[in-house]
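Tertiary structure, described
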Amino acid sequence: GDKLKGKNVLVILPDSGNRYLSKVFDDDWMREAGFLEEDSMGTVGDLLHAVKPKGETLIMVRQNDKISTVTELLRSKGISQVPVQDDQGWIKGLASEGRILQTLSTGQAKPTDPIGQIAAPTIEFVQVTDPIETASRLLAAGKTPLVTHPTRSGEILGIITKIDLITFLGARG
């Protein structure tokens, strides 16, 4: 007992593990590490196959296209959003009805301005082999999943929207 006399002992008692053991509370990490059973809804590829028409090509616009031109494209095609590419063909962001309406109505942009200046960088790339849960989490976080081609780099197979996910899950009964 004399060896510890006059010595200090520090004991740390965390009130919860979330700051210290965050990995254990992260379902994605737990699943990837094999600690949780995967009761998957299917893959992103399954969803695309089920809800997107065969041979449908993804419509994209260029960053220098006028907002008015993109607005007319959305209306004529009956779509609510479209990816915006830079001059090299890389996707810079997303032009959506909501974003166009917000910027025009607040005076942040004019119809003659280039769409690139208001494109929202809310896109996230997913692969056909990713679980649908990944796309679902992205949509819930306000992101828009773009599905990349498994072998052709830079090629986008489609956009996954909330209605696509709802349609797919609803069809499963």
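Everything quoted here is computed from the prediction, not taken from an experiment.

This brings us to the pairing of strand E3 (residues 91-96). The buried count for E3 comes to five of six residues, which makes it a mostly enclosed element. The sheet contact formed by strand E2 (residues 81-85) and E3 spans five bridges and is antiparallel. Bridging from a neighbouring strand, Gln85 pairs with Ile91 of E3.

Spatially, three strands are ordered E1-E2-E3 in an open sheet, and the strand pairing comes out mixed. Every other strand in the sheet has two partners, leaving strand E1 (61-62) and E3 as the edge strands with one partner each. Sheet analysis places E1 next to E2, joined by two bridges and oriented parallel. The partner of Val61 across the bridge, within E2, is Val84.

Between helix H2 (residues 44-51) and helix H6 (residues 162-171), the shortest axis-to-axis distance is 10 Å and the interhelical angle comes to 90 degrees. Our classification of the angle between H2 and H6 gives roughly perpendicular. For the pair H2 and H6, the contacting residues are Asp46, Leu47, Ala50 and Val51 in the first and Asp164, Leu165, Thr167 and Phe168 in the second. Tallied by class, the residues present in the contact of H2 with H6 amount to five nonpolar, one polar and two charged.

With that settled, consider a nonpolar patch on the surface. Taken together, the side chains of Val9, Val11 and Leu13 define a hydrophobic patch exposed on the protein surface, amounting to about 370 Å² of accessible area. Among the secondary structure elements, Leu13 is positioned in the segment before helix H1 (27-32).

Of the voids in this model, the largest pocket is the one considered here, and its volume is about 530 Å³. Residue lining of the largest pocket: 22 residues in total, with Lys52, Glu56, Leu58, Ile79 and Ile159 positioned closest to the centre. Secondary structure elements with two or more residues in the lining of the largest pocket: H2, strand E6 (156-159) and H6. Among the residues forming the lining of the largest pocket, the class breakdown is nine nonpolar, eight polar and five charged. Of the voids in this model, the second largest pocket is the one considered here, and its volume is about 210 Å³. Together, Gln81, Leu94, Ser96, Arg99, Ala120, Thr122, Leu139, Gly142, Lys143, Thr144, Thr161 and Lys162 line the second largest pocket.

Within the secondary structure, Gln85 sits in strand E2. Separated by 21 residues in sequence, Gln85 and Asn64 place their C-alpha atoms 9.0 Å apart. Leave out the neighbours within four places in its chain, and Gln85 touches Met60, Val61, Arg62, Gln63, Trp90, Ile91 and Lys92. From its side chain, Gln85 meets the backbone oxygen of Gly89 in a polar contact 3.3 Å long.

Reading across from one edge, E4-E5-E6 is the order of the three strands in this open sheet, with mixed pairing throughout. Since the sheet does not close on itself, it has two edges, and those belong to strand E4 (123-127) and E6, each with one partner. Geometrically, the sheet is characterised by an average inter-axis angle of 35 degrees between neighbouring strands, direction not taken into account. In terms of strand pairing, strand E5 (residues 144-148) meets E6 through three bridges, oriented antiparallel. Each bridged residue has a counterpart across the sheet, and for Val147 the counterpart in E6 is Gly158.

What counts, and at which threshold
Residues numbered from 1 in each chain as written. Predicted model: local features only at pLDDT ≥ 70, side-chain atom pairs only at ≥ 80, totals over all residues. Heavy atoms only, no water. Buried < 20%, exposed > 50% of the residue type's maximum accessible area, 1.4 Å probe, protein only. Helix = DSSP H or I, 4+ residues; strand = E, 2+ residues; numbered from the N terminus. Pairing = 2+ DSSP bridges. Axes fitted to C-alpha atoms, helices over the stretch in contact; angles between N-to-C directions. Parallel < 35°, antiparallel > 145°, perpendicular 65-115°, else oblique. Contact = heavy atoms within 4.5 Å. Nonpolar A, V, L, I, M, F, W, Y, C, P; charged D, E, K, R; others polar. Patch = residues over 30% accessible without salt bridge, like charges linked within 9 Å, V, L, I, M, F, W, Y side chains within 5 Å. Areas by Shrake-Rupley, 256 points an atom, 1.4 Å probe, with all protein chains shown as cover. Salt bridge = Lys/Arg side-chain N within 4 Å of Asp/Glu carboxyl O. 1 Å grid on protein atoms, 1.4 Å probe; cavity = no way out; pocket = protein on both sides within 12 Å on 5 of 7 lines; lining within 4 Å. Points joined across faces, edges and corners; volume = space filled by probe spheres on them. Polar contact = N/O pair within 3.5 Å; in protein donor to acceptor, adjacent residues only side chain to side chain.

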